[in-house]
Amino acid sequence: MPAPLRDVPQEAVDLIKAFEGIPDGDPSTVNIDAYLCPAGVWTIGWGHAIVDGGAQLKGAGGKARARALYPGGITRDQAEALLRGDLVPRAAQLSRLLKVDIDDAGFGALISLLFNIGAANLAASTLLRKLNAGDRVGAADQFLAWDKARVNGVLQPLAGLTRRRRAERAMFLGQDWRAEAAMPARRSRGAVSAPEVLPVPVMPAEDRAAARPVRKKAAARTAPAKKAVAKKAPANKAPAKKAPASKAPTARR
C-alpha cells in the first residue's frame, strides 16, 4: 500500500523561495509578470514553468502567449499558491524514489534539490544511491557536486548554486541552512558570480560515468527485440503474396 502523500516542510519552502527568487518580467506593472528563464522556458513567480496546451511554453516568441495566459500578472499570494501546487507532485516523486526513512529536514532538503535539478537527475544520482544504501553522510556531501552549469557554453561553478547546495546540505544534516545561505561562496578558479536567475545545474561527471553502463545495458536488452521484429516482418507478409495463386483454380472452374 503506497505511503500517504507527505507534506513539504515550511523550511524547505522558505529555502526554495530564497534561491529561486521571484523575478518580474515587467517591473513597470503592479503585479508580477512572466519572464524567460535561462533554459528558455517562460516562467512566473517562484520558478513556476508556464504550460500551454500540455507543454512548457518556450522561446522568445512565446512572450505574447505567456502574457495572455497571465493577463495583468499575478500577486505574491498567487505566486505562493503556484509554488505550493508545484511541490505536491514533486513530494510524490521523491517519496517514490526513497527506499529509507528520512526526517522532515532531510525530506525538505531533497525537495529543494529535486525542484532545481529534476526528478530524473535525482533518480540517477550518486546522492540517492548513497542515501538508499544507508550512507547519509556520503549522501550529504553529494549535494555539493551539483554546483556547475553552462554559461556561454562553458561548464563552470556558479556562486549562487554553491550557496544553495551548501544550504541544502546544512538542512539535510539538521543544521542552520540560513547561515550557510548567507555565507559568500568560495570562488574557485574559473567561478563566476550567480546571475539573477540561475540555470539548471549539469549532472556531475561521477554521475554521468555511472549512468553510462546502465544506458548500455538497456540498449543491449532492447536491440535483440528490434532485430527479431525485423526478421519476422517478411514472414508476416508471405501469406499475402500466395493469396492470388490459391484463388486461380476457383477462377478456372
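Up top is the structure.
Residues numbered from 1 in each chain as written. Predicted model: local features only at pLDDT ≥ 70, side-chain atom pairs only at ≥ 80, totals over all residues. Heavy atoms only, no water.

**Q** Honestly, the side chain of arginine 165 in this entry has me stumped. Any pointers?
**A** Position of arginine 165 relative to the elements: it lies in helix 8 (residues 159–172). Classification of arginine 165 by relative accessible area gives buried; the value is 0%. In terms of polar contacts, arginine 165 uses its side chain to reach the side chain of glutamate 168, at 2.7 Å. Dropping the residues within four chain positions of it, arginine 165 is found in contact with Leu113, Asn116, Phe143, Leu144, Trp146, Asp147 and Pro201. (Helix = DSSP H or I, 4+ residues; strand = E, 2+ residues; numbered from the N terminus. Buried < 20%, exposed > 50% of the residue type's maximum accessible area, 1.4 Å probe, protein only. Polar contact = N/O pair within 3.5 Å; in protein donor to acceptor, adjacent residues only side chain to side chain. Contact = heavy atoms within 4.5 Å.)

**Q** Is there a simple way to explain the packing of aromatic side chains in this structure?
**A** The geometry of two aromatic rings is summed up by the distance between their centres and the angle between their planes. Here the structure, examined in full by the defined rule, presents one aromatic pair. Taking the centre distance of 5.2 Å and the plane angle of 55° together, the rings of phenylalanine 143 and phenylalanine 172 count as tilted. Of this pair, phenylalanine 143 sits in the loop between helix 7 (136–142) and strand 6 (148–151) while phenylalanine 172 sits in helix 8, and the two are 29 residues apart along the sequence. Each of the two residues, phenylalanine 143 as well as phenylalanine 172, counts as buried. Lying over the aromatic face of phenylalanine 107, arginine 6 brings its terminal NZ or CZ to 4.4 Å of the ring centre. Here the guanidinium or amino end of arginine 136 rests over the ring plane of phenylalanine 172, the centre of that ring lying 4.5 Å away. (Phe/Tyr/Trp six-rings, centres within 6.5 Å; stacked < 30°, edge-to-face > 60°. Lys NZ or Arg CZ within 6 Å of the ring centre and 35° of its normal.)

**Q** Would you explain the nonpolar core in this entry?
**A** The tendency in soluble globular proteins is for nonpolar side chains to be buried as a group. Core analysis: the biggest nonpolar cluster contains 46 residues, and Leu87, Leu94, Leu98, Leu110, Ile111, Leu122 and Phe172 have the highest contact counts within it. For this core, the elements supplying multiple residues, two or more each, are helix 1 (10–20), strand 2 (42–44), helix 3 (76–97), helix 4 (104–117), helix 6 (126–132), helix 7, helix 8 and helix 9 (177–182). If you tally residues by element for this core, the top one is helix 4, at eight residues. Residues within four places of isoleucine 111 in sequence aside, it is in contact with Val8, Ile16, Leu87, Arg90, Ala91 and Leu94. (Core = buried A, V, L, I, M, F, W, Y, C linked by side-chain atoms within 4.5 Å.)

**Q** How should I be thinking about unusual backbone geometry in this particular structure?
**A** Negative phi characterises most residues that are not glycine, and trans characterises most peptide bonds. The residue asparagine 152 is not glycine, and still its phi comes out positive at about 55°. Within the secondary structure, asparagine 152 is located in the loop between strand 6 and strand 7 (154–157). Note on asparagine 152: relative accessible area 78%, which makes it exposed.

**Q** What am I meant to see in the pairing of strand 6 here?
**A** Working note: regular strand, side chains alternate between the two faces of the sheet. With four bridges joining them, strand 6 and strand 7 adopt antiparallel strand pairing. Its bridge partner being in strand 7, arginine 150 is matched across the sheet by leucine 155. Counting the residues that bridge the hairpin from strand 6 to strand 7 gives two residues, and of these asparagine 152 lies at a positive phi of roughly 55°. (Pairing = 2+ DSSP bridges.)

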